[in-house]
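Survey of secondary and tertiary structure
In case you want the letters, here they are:
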Amino acid sequence: MISVLEMKGITDPKVLAAMAKVERHLFVEAPFVNRAYEDSALPIGHEQTISQPYTVAFMTQALAPKPADRILEVGTGSGYQAVILATMGCGVFTIERHLGLLTSARKMFDGLKLRIASKGGDGTIGWSEFAPFDGIIVTAGAPEVPESLKKQLAVGGRLVIPVGDRDVQKLVIMKRTEDSYLVEEVFGFKFVPLVGKNGWS
Ligand code: SAM
């Protein structure tokens, strides 16, 4: 899996090291364990998926987290992305709207002895009690960038979020400066929809 990520252009050694360390087969359902190290998204129940390893690596590289950064993740899913960030030394806060997925992810965090703050609910409104965040990563596709998340980003922080229609999205990488937001866009991603107050209905 790591050589495929390198071949596809992932260069950040901290991202590659975390992805080499975290065992993806622990996060997929039994019928898919033998496909855990393929570069594909796989079902995790509730019509949701664990993202393709390349997508996880690309988004994490775009987020460029430093150890001890406080990162908000919207869309806990299996917990894999949160564990990658925690393995890189970040303080992770993650929100999931499907309580069944959240319960399994919490078991995973406990089993791996990782302190990851998590809650059930609508992540499109962010987690204001713990804002501002050095980074925000949204792992489901939004119709537009929620203002609520932009506001919860620290100056110098980055927000990485897929934006588009329900079928195909571009990845928006937004950096907050003192007085504005700098935006970079990368095309050609496909995520499950971000459902909530500031997402899809
Ligand atoms: N990061 C996950 C992982 O590592 O397995 C992959 C997540 S999956 C591609 C997207 C997740 O976003 C789904 O579990 C979905 O239920 C969740 N989601 C969608 N809308 C949400 C919302 N408004 N708030 C929180 N979670 C949401």
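Numbering of residues starts from 1 in every chain and runs along the sequence as written. Only residues with pLDDT of at least 70 get local features here, since the model is predicted, and only at 80 or more are side-chain atom pairs given and counted; chain-wide, interface and lining totals rely on the full set of residues. Side-chain descriptors were evaluated using all non-hydrogen atoms of the structure, hydrogens and water having been removed beforehand.

1. Regarding the packing of helix 3 (residues 53–63) against helix 4 (residues 80–87)
Rule in force here: Comment: axis = line fitted to C-alpha atoms, over the contacting stretch for helices; angle = value between 0 and 180 degrees taken between N-to-C directions. Numbering of helices and strands runs from the N terminus; a helix is a DSSP stretch of H or I covering at least four residues, while a strand is a stretch of E covering at least two. Just so you know how the angles are binned, under 35 degrees is roughly parallel, over 145 roughly antiparallel, 65 to 115 roughly perpendicular, and the rest oblique. Crossing handedness is read from the near helix: turned anticlockwise from the far helix by less than a right angle, it gives a left-handed crossing, and turned clockwise, a right-handed one. When checking whether two residues touch, look at their non-hydrogen atoms; a contact exists if any pair is within 4.5 Å. Only Asp, Glu, Lys and Arg are considered charged, only Ala, Val, Leu, Ile, Met, Phe, Trp, Tyr, Cys and Pro nonpolar, and every remaining residue, Gly among them, polar.
One way to put it is that helix 3 packs onto helix 4 with a least axis distance of 11 Å and a crossing angle of 45 degrees. Classified by the angle their axes make, helix 3 and helix 4 are oblique. Remark: the crossing between helix 3 and helix 4 carries right-handed chirality. Note on element contacts: helix 4 touches helix 3 through Tyr80, Gln81, Ile84 and Leu85, opposite Val56, Thr60 and Leu63. Here the contact of helix 3 with helix 4 is composed, by residue class, of 5 nonpolar, 2 polar and no charged.

2. Here's the deal with the side chain of threonine 55
In this structure, threonine 55 sits in helix 3. Excluding anything up to four places from it in sequence, threonine 55 contacts Phe189 and Phe191.

3. Regarding the side chain of serine 51
To be explicit about the condition: Burial classes follow relative accessibility: with a 1.4 Å probe on protein chains only, a residue under 20% of its type's maximum area counts as buried, one over 50% as exposed, and anything between as partly exposed.
Here serine 51 lies in the loop between strand 2 (48–50) and helix 3. Residue serine 51 is classed as buried on the basis of its relative accessible area, which comes to 18%. Filtering out sequence-adjacent residues up to four positions away, serine 51 remains in contact with Arg24, Ser40, Ala41, Val56 and Phe191.

4. Remarks on the environment of histidine 98
Within the element layout of this structure, histidine 98 appears in the loop between strand 4 (91–96) and helix 5 (99–111). In this structure, the C-alpha to C-alpha distance between histidine 98 and arginine 24, residues 74 residues apart in sequence, is 21 Å. With sequence-adjacent residues up to four places away left out, histidine 98 is seen in contact with His46 and Gln48.

5. As for the pattern of salt bridges
If charged atoms from side chains of opposite charge come close, those side chains can pair. As a reminder of what qualifies: What makes a salt bridge here is a side-chain nitrogen of Lys or Arg within 4 Å of a carboxyl oxygen of Asp or Glu, nothing more.
Per the counting criterion, the structure on display carries 6 salt bridges. A salt bridge links aspartate 39 to lysine 8; the nearest nitrogen and oxygen atoms lie 2.5 Å apart. Note that aspartate 39 is positioned in the loop between helix 2 (13–21) and strand 1 (42–45) and lysine 8 in the loop between helix 1 (2–7) and helix 2, a separation of 31 residues in sequence. Accessibility expressed as a relative area gives 40% for lysine 8, which makes it partly exposed. For aspartate 69, the salt bridge identified is with lysine 66, shortest N-O distance 3.8 Å.

6. Digging into helix 5
Rules: Each residue after the first adds 1.5 Å to the expected span of a helix.
When the terminal C-alpha atoms of helix 5 are compared, their 18 Å separation across 13 residues agrees well with the 18 Å that a helix rising 1.5 Å per residue should span. In this structure, the buried side of helix 5 is in contact with strand 1, strand 2, helix 4, strand 4 and strand 5 (117–120).

7. Remarks on the site of the ligand
Quick note on the threshold: Nearness of a residue to a molecule or strand requires only that one of the residue's heavy atoms be within 4 Å of it. Polar contacts, as used here, are pairs of N or O atoms within 3.5 Å; protein pairs need one atom able to donate a hydrogen and one able to accept it. Residues neighboring in sequence count only if both atoms are side-chain atoms. For every accessible area listed, the method is Shrake-Rupley and the probe measures 1.4 Å; residues are considered covered only by the protein chains on display.
If you check the shell around the ligand, you find 28 residues, and the closest are Glu73, Ser78, Glu96, Gly123 and Val195. A distance of 2.9 Å separates a nitrogen atom of the ligand from a polar backbone atom of glycine 75. Contact between the ligand and glycine 121: a nitrogen atom at 3.5 Å from a main-chain N or O atom of the residue. Contact with the protein chains covers 99% of the free accessible surface of the ligand, which is 600 Å². Mapped onto the shell around the ligand, the elements with two or more residues apiece are strand 2, strand 3 (70–74), helix 4 and strand 4. Ranked by the residues each element gives to the shell around the ligand, the list is headed by strand 2, at 3 residues. Its residues assigned to classes, the shell around the ligand comprises 10 nonpolar, 14 polar and 4 charged.

8. Brief notes about the environment of leucine 99
Relative to the helices and strands, leucine 99 is located in helix 5. Along the primary structure leucine 99 and glutamate 185 are separated by 86 residues, whereas in three dimensions their C-alpha atoms are 32 Å apart.

Note that all results are geometric; they support no functional claim without further evidence.
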